[in-house]
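Spelled out from the first residue to the last, the chains are:
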Amino acid sequence: MKADFTPYESKMTKTLEVLSHDLAAIRAGRANPAVLDKITVEYYGAPTPLNQVAAIATPDPRTLSVQPWDGSILKQIEKAIQASDIGINPQNDGKLLRLTFPPLTEERRKELIKQVSKISEESKVAVRNIRRDAIDKFKAAHKKNEMTEDELADAEEGIQKKTDKYIKDIDGMAAKKAKELAEV
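Residues numbered from 1 in each chain as written. Predicted model: local features only at pLDDT ≥ 70, side-chain atom pairs only at ≥ 80, totals over all residues. Heavy atoms only, no water.

K.L.:
What is the right way to read the overall build of the protein chain from this model?
P.N.:
Per the secondary structure count, the protein chain includes 4 helices and 6 strands. In the protein chain, the succession of α and β elements from N to C terminus is α-β-β-β-β-α-β-β-α-α. Taking 16 Å as the expected radius of gyration for a compact globule of 184 residues, we find that the protein chain reaches 22 Å, considerably beyond that expectation. Counting only C-alpha atoms and orienting by the principal axes, one finds that the protein chain spans roughly 70 × 40 × 20 Å. Put simply, the protein chain has 184 residues, and 36% of those count as buried. Expressed as a percentage of contacts within the protein chain between residues at least 6 apart in sequence, the contacts between residues at least 24 apart total 62%. (Helix = DSSP H or I, 4+ residues; strand = E, 2+ residues; numbered from the N terminus. Rg over C-alpha atoms; globule rule 2.2 N^0.38 Å. Buried < 20%, exposed > 50% of the residue type's maximum accessible area, 1.4 Å probe, protein only. Contact = heavy atoms within 4.5 Å.)

K.L.:
When you look at helix H3 (residues 106-143) in this model, what are you seeing that I'm missing?
P.N.:
An α-helical turn contains 3.6 residues, so a residue and the one three or four places further along point in the same direction. Compared with the 56 Å implied by 1.5 Å per residue over 38 residues, the 55 Å span of H3 between its first and last C-alpha is a close match. The positive-phi residue at the C-terminal boundary of H3 is asparagine 145, with phi of around 60°. (Expected span 1.5 Å × (residues − 1).)

K.L.:
Which parts of the structure should I look at to understand the sheet that holds strand S5 (residues 91-92)?
P.N.:
Through backbone hydrogen bonds, the strands of a sheet pair up, either in parallel or in antiparallel fashion. One open sheet accounts for 4 strands, arranged S3-S4-S6-S5; its pairing is antiparallel. Among the strands making up the open sheet, the edge pair consists of strand S3 (54-60) and S5. Across 2 bridges, the pairing between S5 and strand S6 (residues 97-100) is antiparallel. Counted as the bridge partner of asparagine 92 is leucine 97 from S6. Against the sheet, helix H2 (residues 74-83) engages S3, strand S4 (63-68), S5 and S6, with an angle of about 20° to S6. (Pairing = 2+ DSSP bridges. Axes fitted to C-alpha atoms, helices over the stretch in contact; angles between N-to-C directions.)

K.L.:
Is there a simple way to explain the confidence of the model for the protein chain in this structure?
P.N.:
The predicted coordinates ought not to be read in detail in places where the model reports low pLDDT. With 97% of its residues at a pLDDT of 70 or more, the protein chain shows a mean pLDDT of 87. Averaged pLDDT values for the elements of the protein chain fall to 86 in strand S1 (residues 40-43) and rise to 92 in H3. (pLDDT = per-residue confidence, 0-100.)

K.L.:
Can you walk me through the packing of aromatic side chains in this structure?
P.N.:
Describing an aromatic ring pair means giving the distance of the ring centres and the angle of the ring planes. Evaluated as defined, the whole model comprises 3 aromatic pairs. Judged by centre distance (5.9 Å) and plane angle (85°), the ring pair of phenylalanine 5 and phenylalanine 138 falls under edge-to-face. Taken together, the residues phenylalanine 5 in the segment before helix H1 (6-24) and phenylalanine 138 in helix H3 connect sequence positions 133 residues apart. Judged by relative accessible area, which is 17%, phenylalanine 5 ranks as buried. Ring plane angle 75° and centroid distance 6.1 Å describe the contact between tyrosine 8 and phenylalanine 138, whose orientation is recorded as edge-to-face. Separated by 130 residues along the polypeptide, tyrosine 8 in helix H1 and phenylalanine 138 in helix H3 bring together distant segments of the chain. The exposure classification of tyrosine 8 matches that of phenylalanine 138, with both residues buried. Pairwise contacts between aromatic rings join Phe5, Tyr8 and Phe138 into one cluster. The residue whose ring lies beneath lysine 165 is tyrosine 166, and the NZ or CZ to ring-centre distance is 4.3 Å. (Phe/Tyr/Trp six-rings, centres within 6.5 Å; stacked < 30°, edge-to-face > 60°. Lys NZ or Arg CZ within 6 Å of the ring centre and 35° of its normal.)

Here it is, written out as structure tokens:
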């Protein structure tokens, strides 16, 4: 039996995708529509993601504009943004909302870099857990005599190489985001 890494590699890739999404949602002093991804608005009795009820645009590097397709929910959108943890108060002009992102303070910048480190460490733990699950499965196959000792060693080495590659990718993504935060 040859070790199949495909399911584990797809889980590791998914972990990278989640990390990428989480890092994009961190506010870096620039207007980024991804900061609004987690905001939901009560629309016809159902919680609906903001990007499904409004057009979100970036007219300039420090401003986001949110224009609802149905003008009657402008107030609900405003309340949802105020209730969220993005820390920006929207300006309502009756037709659309403007969110102006202030430049980052040194304290806030350090706080965001710590948040990037925490998120990347959680991703590394997830990748290591996937590696552990793979090794457990390979050892179980070895116990059932479906895999030889040499195949088990090769499988463990292979999954470790994949793990190292994904950990390196995570570190690179975190370093890029931390550098971006330091430059703003």
